[in-house]
Structure formats: structure tokens, C-alpha cells
Amino acid sequence: MSAKDIKIKTLLGYVKLYNLNLQVMFVSIEVNRYKCGYCGACVGVCPAGALELVETWIEVDETCSSCGRCAKICPVGAIMVIR
Ligand code: SF4
Ligand code: SF4
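Residues numbered from 1 in each chain as written. Chains lettered and ligands numbered in written order. Predicted model: local features only at pLDDT ≥ 70, side-chain atom pairs only at ≥ 80, totals over all residues.

This next bit is on the overall build of the chain. Within the chain one finds three helices and four strands. Secondary structure elements of the chain, listed N to C terminal, follow the sequence α-β-α-β-β-α-β. Out of the 83 residues in the chain, the part that is buried amounts to 12%. Across the chain, contacts joining residues at least 24 apart in sequence account for 56% of those joining residues at least 6 apart. (Helix = DSSP H or I, 4+ residues; strand = E, 2+ residues; numbered from the N terminus. Buried ≥ 20, exposed ≤ 12 C-beta atoms within 10 Å, placed from the backbone. Contact = placed C-beta atoms within 7 Å.)

If you check the shell around ligand 1, you find 16 residues, and the closest are Cys 46, Cys 64, Cys 67, Arg 69 and Cys 70. A class-by-class count of the residues in the shell around ligand 1 yields eleven nonpolar, four polar and one charged. (Near = placed C-beta within 6 Å. Nonpolar A, V, L, I, M, F, W, Y, C, P; charged D, E, K, R; others polar.)

The next subject is the environment of Asn 32. Position of Asn 32 relative to the elements: it lies in the loop between strand E1 (29–31) and helix H2 (41–45). In this structure, the C-alpha to C-alpha distance between Asn 32 and Trp 57, residues 25 residues apart in sequence, is 9.7 Å.

Taken together, 14 residues are adjacent to ligand 2, and Cys 36, Cys 39, Ala 41, Cys 42 and Cys 74 come closest. Considering only residue class, the shell around ligand 2 consists of twelve nonpolar, two polar and no charged.

Direction of pairing for strand E2 (residues 51–54) relative to strand E3 (residues 57–60): antiparallel, over a ladder of four bridges. Residue pairing in the sheet places Glu 52 in a bridge with Glu 59 of E3. Linking two consecutive strands that pair antiparallel, namely E2 and E3, is a turn of two residues; a positive phi of about 50° is found at Glu 55 within it. (Pairing = 2+ DSSP bridges.)

Moving on, we come to unusual backbone geometry. The phi dihedral of Glu 55 is positive, around 50°, even though this residue is not glycine. Among the secondary structure elements, Glu 55 is positioned in the loop between E2 and E3. Judged by local crowding, Glu 55 falls into the exposed class, with 5 C-beta atoms found within 10 Å. The phi angle at Ser 66 is positive, at roughly 60°, despite the residue not being glycine.

In terms of nonpolar packing, the biggest core is built from ten residues, these being Ile 29, Cys 42, Ala 50, Leu 51, Ile 58, Val 60, Cys 70, Cys 74, Ala 78 and Ile 79. If we ignore the near neighbours within four places in the chain, the residues touching Ile 58 are Val 31, Cys 36, Cys 42, Leu 51 and Leu 53. (Core = buried A, V, L, I, M, F, W, Y, C linked by C-beta atoms within 7 Å.)

Quick look at the structure:
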């Protein structure tokens, strides 16, 4: 392995670590898919438009501000806010 190979490997390591940090920052709510009844109520109240009902799954994007409105309206308590 040359010195160049080692540098490239190290760079990939940083990129991987950076992606991991970004992903952790974006996680702001957790939806329990076993409890969720896919009623869509949470999607309607999100002020950021961060939620989307995709077939039988709720997806959250990075615009979520952890305000908690979705968790309050959910009739089955399927959403947990992570602050
Ligand atoms: S916590 Fe607030 S901003 Fe985030 S998904 Fe729920 S309603 Fe939207
Ligand atoms: S309000 Fe609750 S049950 Fe309804 S779609 Fe959202 S997470 Fe699922």
C-alpha cells in the first residue's frame, strides 16, 4: 500500500464519520411503525412540512425542528420527539 492509498483511506474514513454525524443531527423524531395507523394526522399539523406519508410509512426530513406537534396529535402515541 502506498502513502497515497493511506491518505485516500483516511479521507474516506472522515467522510464516513461526517455522514454519521449529519445523520444523527437529522434524527428528531422516531415513529413506531408497529403503533402507527397511518392516519396522516401528524403530516397535517407539521408546521415545517417535514412529514410525508409514503405508502405505509411516515418519513421525516431534516426540516423538523422537534416542536412536538406531531407527537401531541398522534392518537396512538406512535411518535417520540428526540431533542
Ligand atoms: S416535531 Fe414538529 S417539526 Fe418535527 S415532524 Fe413533528 S410537527 Fe414537524
Ligand atoms: S398521527 Fe400517529 S398514527 Fe397517524 S400517521 Fe402519524 S404517527 Fe401514524
